[in-house]
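A look at the structure
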Amino acid sequence: MKKIVTIGEVMLRLSPPGNQRFFQTHSFDVEFGGSEANVGAALAFWGLHVSHLTAFPDNEIGWAASGQLRKNGIDTRFIPYLPGRMGVYYLEQGAMQRSSQVIYDRINSAFSNFDGKAYNWDEIFHGVSWFHWSGITPALSAKCAELTLCSLQEARKRGITVSGDLNYRSNLWRFGKEPHEVMPELMALTNVMIAGSRDFKQCLNEEFKSFTEVRNMAFDRFPHLEYIVKTDRISHSSSNNTISAMLFAKKRIHSSKSYELTHIVDRVGTGDAFAGGLIYGLLHFKPKEAIEFAMAAGAIKHSVPGDVLLCSLQEIQELASGEAVGKIK
Ligand code: KDG
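Residues numbered from 1 in each chain as written. Predicted model: local features only at pLDDT ≥ 70, side-chain atom pairs only at ≥ 80, totals over all residues.

1. Some words on the overall build of the protein chain
- In terms of helices and strands, the protein chain carries 10 helices and 16 strands.
- Its C-alpha atoms give the protein chain a radius of gyration of 19 Å, near enough to 20 Å, the size a compact globule of 329 residues would have.
- The principal-axis extents of the C-alpha atoms in the protein chain amount to approximately 50 × 50 × 40 Å.
- When the 329 residues of the protein chain are sorted by exposure, 46% land in the buried category.
- Sequence separation of at least 24 residues holds for 70% of the intrachain contacts in the protein chain that already meet a minimum separation of 6. (Helix = DSSP H or I, 4+ residues; strand = E, 2+ residues; numbered from the N terminus. Rg over C-alpha atoms; globule rule 2.2 N^0.38 Å. Buried ≥ 20, exposed ≤ 12 C-beta atoms within 10 Å, placed from the backbone. Contact = placed C-beta atoms within 7 Å.)

Rendered as structure tokens:
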């Protein structure tokens, strides 16, 4: 069985039920979420061995979060329990013309204050074939930026394939460094870069002009890159969206089919479902099938409430291999 390691903060997700607003709700739906752990949950559901690296507060909330990861099939044995608090994110779902809103309450979380010294990299990376990180982790604190760099250096030393999702979040990066001062060094240790168009500007200080330019820029700047994967949200409105993605190898470009999303239940975690699908696809299929599989996983996630995509391989493959332009209703 392939072994994967993911790293990143897991938070408590509190959201008003249905489409209620923060102003009116008397209760919150409670679950746990975190971009990289969401990727891990999808991969674990598809039968891979996934260990997640994070740090939890040593209290009931931290233990509950850890229990949830284990319910999602994730190995939590490397996670330390430390003084500090659990990060929280509040999510109000959008509808029609109203966008979703995310409010973070995560400063001084156990993970953002963690320096990674408790990690034993030999043990963590033993027999591992893939390591996944995202631009959320280095955005949390100077310590987390250092931890991300250290984890990538340790993965590289052992020849592990590394994927990184630029995952720019405008309401993070408050610790005194800009993303473009930190992210290029991390991308230089990465084999598979996942990005939305605005991520290039914010994280790498590169304007997205044409596909050829992006490809040339990234392969020139980042020596270990094998694939650049760009996701596209073609039309913007909360009720009607068309999505697709492209995978650039050094010599070839593969495009996925487009999906028209006619009813969106929950956008959160769609990029993570896509990233999980991409990792699974690149480990098991040729690049063209991998990008189709990733896009189908991302498309299906729009119909599933919560942070995590739990969906069979077969369901994704059927959608990915269908002939017509996909329609998720
Ligand atoms: O991709 C989904 C994430 O945005 C969500 O799980 C919360 O990890 C999160 C974050 O930092 O925004």
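And the narrative resumes.
2. Remarks on the environment of Ala110
- In this structure, Ala110 sits in the loop between β8 (101–105) and α3 (121–124).
- C-beta crowding within 10 Å serves as the criterion here: with 23 such atoms nearby, Ala110 is assigned to the buried category.
- The spacing of Ala110 and Gly62 is 48 residues in sequence and 9.4 Å in space, taken between C-alpha atoms.
- Every residue in contact with Ala110, bar those within four places of it in the chain, is listed here: Ala55, Phe56, Pro57, Gly62, Leu82, Gly84 and Arg85.

3. Remarks on the site of the ligand
- Lining the immediate surroundings of the ligand are Gly33, Gly34, Ser35, Asn38, Tyr89, Ile136, Arg169, Val268, Gly269, Gly271, Asp272 and Asp307.
- Within the residue set of the shell around the ligand, elements represented by two or more residues are α1 (35–45) and α8 (270–284).
- Grouping the amino acids of the shell around the ligand by side-chain chemistry returns three nonpolar, six polar and three charged. (Near = placed C-beta within 6 Å. Nonpolar A, V, L, I, M, F, W, Y, C, P; charged D, E, K, R; others polar.)

4. What to know about the nonpolar core
- Ala42, Leu43, Met193 and Ala297 are the most contacted members of the largest nonpolar core, which totals 93 residues.
- A total of nine residues in this core trace back to one element, the largest contributor, which is helix α9 (residues 287–301). (Core = buried A, V, L, I, M, F, W, Y, C linked by C-beta atoms within 7 Å.)

5. Considering unusual backbone geometry
- Positive phi, close to 65°, is recorded for Asn108, a residue that is not glycine.
- With respect to the helices and strands, the residue Asn108 is situated in the loop between β8 and α3.
- Assessed through the 10 C-beta atoms surrounding it within 10 Å, Asn108 is described here as exposed.
- One non-glycine residue with positive phi stands out, namely Asn167, at about 45°.
- In this fold, Asn167 is placed in the loop between β10 (161–165) and α5 (179–187).

6. Comments concerning the packing of α8 against α9
- Relative to each other, α8 and α9 sit at 155°, their axes nearing to 7 Å. As far as their axial angle goes, α9 and α8 are roughly antiparallel. Considering how the two elements wind past one another, α8 and α9 form a crossing that is right-handed. Where α8 approaches α9, its residues Thr270, Gly271, Ala273, Phe274, Gly276, Gly277, Leu278, Tyr280, Gly281 and Leu282 are matched on the opposing element by Glu289, Ala290, Ile291, Phe293, Ala294, Met295, Ala296, Ala297, Gly298 and Lys301. (Axes fitted to C-alpha atoms, helices over the stretch in contact; angles between N-to-C directions. Parallel < 35°, antiparallel > 145°, perpendicular 65-115°, else oblique. Left-handed = near helix turned anticlockwise from the far one by under 90°.)

7. Here's the deal with the environment of Asp75
- By secondary structure assignment, the location of Asp75 is in the loop between α2 (60–71) and β6 (81–82).
- C-beta crowding within 10 Å serves as the criterion here: with 17 such atoms nearby, Asp75 is assigned to the partly exposed category.
- Put simply, Asp75 and His52 are 23 residues apart on the chain and 6.5 Å apart in space, counted from C-alpha to C-alpha.
- Residues within four places of Asp75 in sequence aside, it is in contact with His49, Val50 and Ser51.

8. A short note on the sheet that holds β8
- Across the sheet, which stays open at both edges, the four strands sit in the order β3-β2-β7-β8 with mixed pairing between neighbours. The strands lining the two open edges of the sheet, one partner per strand, are β3 (29–33) and β8. The mean angle between the axes of side-by-side strands here comes to 25°, regardless of whether they run parallel or antiparallel.
- Where strand β2 (residues 11–15) lies against β3, five bridges are found, and the strand directions are antiparallel. Its bridge partner being in β3, Leu14 is matched across the sheet by Val30. (Pairing = 2+ DSSP bridges.)

Shape descriptors only; they carry no functional weight alone.
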